[in-house]
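Chain by chain, the residues run as shown.
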Amino acid sequence: MSESIRKLDGANMDIDLTTNIKNISWEQDQCPWNKFDGTNKHKCAVKNISICTYFCGIEYLDIVLCCYPNENPCKGNE
């Protein structure tokens, strides 16, 4: 795996690392793009709607693979 890909805990599909729920029962990392932008608008993947530019997939158990802010090495491998 590329060194530019981060492993973020707590996806819980539809993959959204910016939940507004305060008392979730699983550990969840913050989206690095949202953190940089100071927003909650970016989503990793929303079923039947979109997939983030930096989304590189998932890994067992609920680990989001994210390349933010680097170019996505998985592009073209969809």
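Residues numbered from 1 in each chain as written. Predicted model: local features only at pLDDT ≥ 70, side-chain atom pairs only at ≥ 80, totals over all residues. Heavy atoms only, no water.

Side note on the overall build of the protein chain
Looking only at helices and strands, one finds one helix and five strands in the protein chain. For the protein chain, the succession of helices and strands along the chain, N to C, is β-α-β-β-β-β. Put simply, the protein chain has 78 residues, and 32% of those count as buried. Long-range contacts, defined here as pairs at least 24 residues apart, represent 47% of the contacts in the protein chain between residues at least 6 apart. Accessible surface, the protein chain as shown: approximately 5500 Å² in total, 48% of it carbon and sulfur. (Helix = DSSP H or I, 4+ residues; strand = E, 2+ residues; numbered from the N terminus. Buried < 20%, exposed > 50% of the residue type's maximum accessible area, 1.4 Å probe, protein only. Contact = heavy atoms within 4.5 Å. Areas by Shrake-Rupley, 256 points an atom, 1.4 Å probe, with all protein chains shown as cover.)

What to know about the side chain of Asn-72
One can find Asn-72 in the segment after strand 5 (63-66). Polar contacts involving the side chain of Asn-72 include one to the main-chain carbonyl oxygen of Thr-53, which spans 2.9 Å. If we ignore the near neighbours within four places in the chain, the residues touching Asn-72 are Thr-53, Tyr-54, Phe-55, Cys-56 and Cys-67. (Polar contact = N/O pair within 3.5 Å; in protein donor to acceptor, adjacent residues only side chain to side chain.)

So, the state of the cysteines
Within the structure shown, the criterion is met by zero disulfides. Cysteine Cys-31 remains unbridged, with the sulfur of Cys-44 as its closest cysteine sulfur at 5.7 Å. We note that Cys-66 lacks a disulfide partner, and the nearest cysteine sulfur, in Cys-67, lies 6.0 Å from it. Judged by its relative accessible area of 7%, Cys-66 falls in the buried class. (Disulfide = S-S within 2.5 Å.)

Points about unusual backbone geometry
Peptide bonds are, in most cases, trans, and in most cases residues other than glycine have a negative phi. Cis rather than trans, the peptide bond between Tyr-68 and Pro-69 has omega equal to 5°. In this fold, Pro-69 is placed in the segment after strand 5.

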